[in-house]
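Commentary on secondary and tertiary structure
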Amino acid sequence: MSRPLRAGGPQSRFCSRCELIMPERYDVVVIGAGPGGYVAAIRAAQLGMRVACIDKRDRLGGTCLNIGCIPSKALLQSSEKFAAAGKALAEHGVRVGEVGIDLAQMMARKDKVVDSLTRGVEFLFRKNKVDWLKGQARIAAPGQIALGGEAVEAGAIVIATGSESIALPGLAIDEERIVSSTGALALPRVPERLAVIGGGYIGLELGSVWARLGAKVTVIEYLDRIVPGMDRELGSALQRLLTRSGIVFKLATKVAGGTLGNDAVNLRLEPAGGAGENLAADVVLVAVGRRPFTDGLGLDELGVARDAAGRIGVNQDFVTNIAGIYAIGDAIRGPMLAHKAEEEGIAVVERLAGQKTEVRYDAIPSVVYTWPEAAAVGRSEEELKAAGVEYRVGKFPFSANPRARANAETDGFVKILADAATDRVLGVHMIGPDAGTLIAEAALAIEFGASAEDIARTCHAHPTLNEAVKEAAFAVAGRAIHI
């Protein structure tokens, strides 16, 4: 009988009395080893549970570590350094000779980063005595998983299988000329012309990478704005800055189809209210969103409820409509963010242990890792207006921040939205240097119900970029010092 591959731990139990191989029994089995899954498995083991984590990849870490968040950030960092060497360093009095690209070395570094982090998760599994089972899992019944022809039993099953790229009808992805984010992370050469379909996080980040390296990038977005989930003012500011960097935007434009020619991929575009047009590109990146990946789990046979978007329905305890089966991360409602999945992974197993862990969804930050970065947490102005909430706005530009000036990185601003009656922070939106790091303070403020005055009265080190957050908090009451 074939057995699932594993990393550590016994494969099965032998009953000497009945001379049968008994199914392996765990307190918790997590299906999926991405950020939500592996974090859930480790936390469950810390709580004293016997845990297994099943994944069909050869490496742990899921999409995020292998073909998503981590490799994209490695390329973003490398391409930022290339851009700085070619332009920005001269302002600092640093002279360099002719700047070139060693794309193979850049990709090798990216792969090395990925390898080190996935091996790190493997080490954490060994350290915490989490069994890593390799293969395609199918939930045969509550508490029973079929894996490689064998059975695994579990007191609780946590589905953490993540998501996959959504295809666009009429454009078959071959990961060479028409690519998903996976292919865009491994192009063998810098394309002369790159068309990005989708003006969300993934499209803008990967478009930025290749634009910095020399590609002529055009972003095509069906809606009339980029990053539609963010505050409109933030999105408009980001578009202006990315346009200045050389990226071309075609908003309110539908991609009606495309054909593969000998020399280019030819896209048919239909702008809203305008005449159709053609756009030729050497490579087309399809980044129109992601959908939950639950294929092969046997959910329909079990009767697990899902919505029209394929998301698994869960209650406040992450329990599906089938007792004993739980789901977290991209497989359920909410933003498809690695850190959201991590929070839910911890929460679900702590609840299994009898704790009352809560996930504050309004305190989950989102970040676009372009340069400058854009980050947000809480509610946008559009959401507050639609809800009829009275609020005050405090804004502070990085151009007035001493550290930003010293760094020659003055684009952007911090905007804080606070309740007009209570001063409680309702949302924070920023675009600027290291916004993805600065947003943590704002997330903490919302998590603990802080007021704008609380942030303003907290001493911030000088000179730091964080002082822009303090000043924006003062600005809510019209008391900003440096503007």
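It should be noted that the structure appears before, not after, this text.
Residues numbered from 1 in each chain as written. Predicted model: local features only at pLDDT ≥ 70, side-chain atom pairs only at ≥ 80, totals over all residues. Heavy atoms only, no water.

1. Quick look at the packing of aromatic side chains
Tallying each qualifying case throughout the model produces 0 aromatic pairs. For the cation-ring pair, K395 lies above F413, with the distance from its terminal atom to the ring centre recorded as 4.7 Å. (Phe/Tyr/Trp six-rings, centres within 6.5 Å; stacked < 30°, edge-to-face > 60°. Lys NZ or Arg CZ within 6 Å of the ring centre and 35° of its normal.)

2. A look at the packing of helix α3 (residues 69-86) against helix α4 (residues 103-128)
In contact at an axis separation of 9 Å, α3 and α4 are set at 140° when each is read in the N-to-C sense. The orientation of α3 with respect to α4, classified from their angle, is oblique. Crossing of α3 against α4: the hand is right-handed. For the pair α3 and α4, contact is made by I70, P71, A74, L75 and S78 and by M106, M107, R109, K110, V113, V114 and L117, respectively. Grouping the amino acids of the contact of α3 with α4 by side-chain chemistry returns 9 nonpolar, 1 polar and 2 charged. (Axes fitted to C-alpha atoms, helices over the stretch in contact; angles between N-to-C directions. Helix = DSSP H or I, 4+ residues; strand = E, 2+ residues; numbered from the N terminus. Parallel < 35°, antiparallel > 145°, perpendicular 65-115°, else oblique. Left-handed = near helix turned anticlockwise from the far one by under 90°. Contact = heavy atoms within 4.5 Å. Nonpolar A, V, L, I, M, F, W, Y, C, P; charged D, E, K, R; others polar.)

3. Some remarks on the pattern of salt bridges
Under the counting rule described, the total for this entry stands at 28 salt bridges. Across the pair E153 and R25 runs a salt bridge, and its minimum N-O distance is 3.9 Å. With E153 in strand β9 (residues 150-159) and R25 in strand β4 (residues 24-31), this residue pair connects regions lying 128 residues apart in the sequence. Judged by relative accessible area, E153 falls into the partly exposed class, the value being 25%. Residue D115 is joined to R119 by a salt bridge in which the shortest nitrogen-to-oxygen separation is 3.0 Å. Remark: R119 and D115 occur in helix α4; sequence separation between them is 4 residues, near one turn of the helix. The network of salt bridges with shared partners includes D231, E233, E381, K395 and K415. (Salt bridge = Lys/Arg side-chain N within 4 Å of Asp/Glu carboxyl O. Buried < 20%, exposed > 50% of the residue type's maximum accessible area, 1.4 Å probe, protein only.)

By themselves these figures say nothing about function.
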